[in-house]
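A structural walkthrough
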Amino acid sequence: MAVRILISVLIISLFSFTYASDPAPLQDFCVAVKDNEAKVFVNGKICKDPNMVSADDFFFPGLNMPGNTSNAQGSKVTPVNVNQLPGLNTLGISLVRIDYAPYGLNPPHTHPRATEVLVVVEGTLFVGFVTSNPADPNVKNKLFTKTLYPGDVFVFPEGLIHFQFNVGKTNAFVFAGLSSQNPGVITIANAVFGSDPPINLDVLTKAFQVDANVIKYLQAQFK
Ligand SMILES: *[C@@H]1O[C@H](CO)[C@@H](O)[C@H](O)[C@H]1NC(C)=O
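- Under an unreviewed UniProt entry, the chain has the name Germin-like protein and belongs to Forsythia ovata.
- Recorded under Subcellular location (unreviewed entry), the UniProt text for the chain is reproduced unchanged: "Secreted, Extracellular space, Apoplast".
- According to its UniProt record, the chain has this under Sequence similarities (unreviewed entry): "Belongs to the germin family."

Dropping the structure here:
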């Protein structure tokens, strides 16, 4: 009996696949039709008529240009995903350039659909990610950090909260590859304290174990 159950489990596990990244393409390419021109909505984007596809559908210029870091965080992400480069549709991959002013921060965030692998081109970055909750409730979420210099590569595993902080006195920039045509970004502070409408005060005071005034103060920073 036990052997039969074991064999059934083995057979089931052989034939059930789960995909942690974008589904594989079923043709050479499927250049995305812009959302506002699409007649139907599907999981992903529909394909442009292959006879109308040109080299420009696979092209995106200008990633040599620094992003404008004049903002509160002192950083700027320039994405090149399926929304900017329609030829990436169904290919499970995308790219960003990130610029950081001195002491600029790409604040704690996650990509719900992608692992990110980053290479530093210029500057010195303090980077890190935090694991998901351990099975043992007495063990804390673990932080992994590293200081990176030009040429250094670091990987942020799919879905985990991560950040990059420019700890140098000069501008910094990186390129990063992401394992999705549309990785998505959830910036923790914006999502939790800056949602529209705001998350109920009772929910946030209980979640963060602080006074309502602290939550109101934090919400005011993300208006
Ligand atoms: C950068 O952004 C700031 C703030 O939005 C703006 O005032 C400034 O003109 C921008 N600089 C460039 C070079 O575009």
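A short note on helix α3 (residues 201-208)
- Near the N-terminus of α3, the side chain that reaches the backbone nitrogen of aspartate 202, with its oxygen 2.8 Å away, is that of asparagine 200.
- Of the residues one or two after α3, glutamine 209 is the one with positive phi, at around 55 degrees.

What to know about the UniProt feature "binding site: oxalate" (unreviewed entry) in the chain
- The UniProt feature table records "binding site: oxalate" (unreviewed entry) at Asn106, His111 and Glu116.
- Within the secondary structure, histidine 111 is located in the loop between β3 (105-110) and β4 (116-122).
- A relative accessible area of 8% places histidine 111 in the buried class.
- If sequence neighbours within four positions are ignored, histidine 111 has contacts with Glu116, Glu158, Gly159, His162, Leu178, Pro183, Gly184 and Val185.
- At 3.4 Å, the side chain of histidine 111 forms a polar contact with the side chain of histidine 109.
- Residues within four places of glutamate 116 in sequence aside, it is in contact with Ile98, His109, His111, Phe154, Val155, Phe156, His162, Gln164, Ala176, Gly177 and Leu178.
- Engagement of the side chain of glutamate 116 in a polar contact is seen with the side chain of histidine 111, the distance being 2.9 Å.

Some details on the sheet that holds strand β8 (residues 161-166)
- Ordered by their spatial adjacency, five strands build an open sheet running β6-β5-β8-β3-β10, and the pairing between neighbours is antiparallel. A single partner strand is all that each edge strand has here, and the edge strands are β6 (143-148) and β10 (186-187).
- Looking at chain direction, strand β5 (residues 125-130) and β8 are connected through six bridges and run antiparallel. Its bridge partner lying in β8, glycine 128 is registered against phenylalanine 163.

Structural notes on the domain arrangement of the chain
- Examined at the domain level, the chain breaks down into domain 1 (2-184) and domain 2 (187-223).
- Computed over C-alpha atoms only, the centres of domain 1 and domain 2 are separated by 27 Å.

Let's talk about the pairing of strand β2 (residues 94-100)
- In terms of burial, β2 is largely enclosed, as six of its seven residues are buried.
- Note: strand β1 (residues 75-80) against β2, six bridges, orientation antiparallel. When the sheet's bridge partners are listed, proline 79 is paired in β2 with valine 96.
- As judged from the seven bridges shared by β2 and strand β9 (residues 172-178), these two strands associate in the antiparallel manner. When the bridges of β9 are listed, arginine 97 appears paired with phenylalanine 175.

Some remarks on the environment of asparagine 81
- Of note, asparagine 81 is situated in the loop between β1 and β2.
- Taking the C-alpha atoms as reference points, asparagine 81 and isoleucine 98, separated by 17 residues in sequence, lie 14 Å from one another.
- Residues contacting asparagine 81, with those up to four places away along its chain left out, are Leu88, Ser94, Leu95, Gln181 and Pro183.

A closer look at the nonpolar core
- Tyr100, Leu118, Leu125 and Val174 are the most contacted members of the largest nonpolar core, which has 17 residues in total.
- For this core, the secondary-structure elements that each account for two or more residues are β2, β4, β5, β7 (153-156) and β9.
- With four residues, β9 is the single largest residue contributor to this core.
- Those residues in contact with valine 174 that sit more than four places away from it in its chain are Val96, Arg97, Ile98, Tyr100, Leu118, Val119, Val120, Val121 and Leu125.
- Counting six residues, the second-largest nonpolar core is a separate cluster that includes Ala32, Val80, Val82 and Leu85.

So, how was this worked out
Residues numbered from 1 in each chain as written. Predicted model: local features only at pLDDT ≥ 70, side-chain atom pairs only at ≥ 80, totals over all residues. Heavy atoms only, no water. UniProt positions renumbered as here; feature names shortened; annotations may be inferred. Polar contact = N/O pair within 3.5 Å; in protein donor to acceptor, adjacent residues only side chain to side chain. Helix = DSSP H or I, 4+ residues; strand = E, 2+ residues; numbered from the N terminus. Buried < 20%, exposed > 50% of the residue type's maximum accessible area, 1.4 Å probe, protein only. Contact = heavy atoms within 4.5 Å. Pairing = 2+ DSSP bridges. Domains from an automatic or database assignment. Core = buried A, V, L, I, M, F, W, Y, C linked by side-chain atoms within 4.5 Å.

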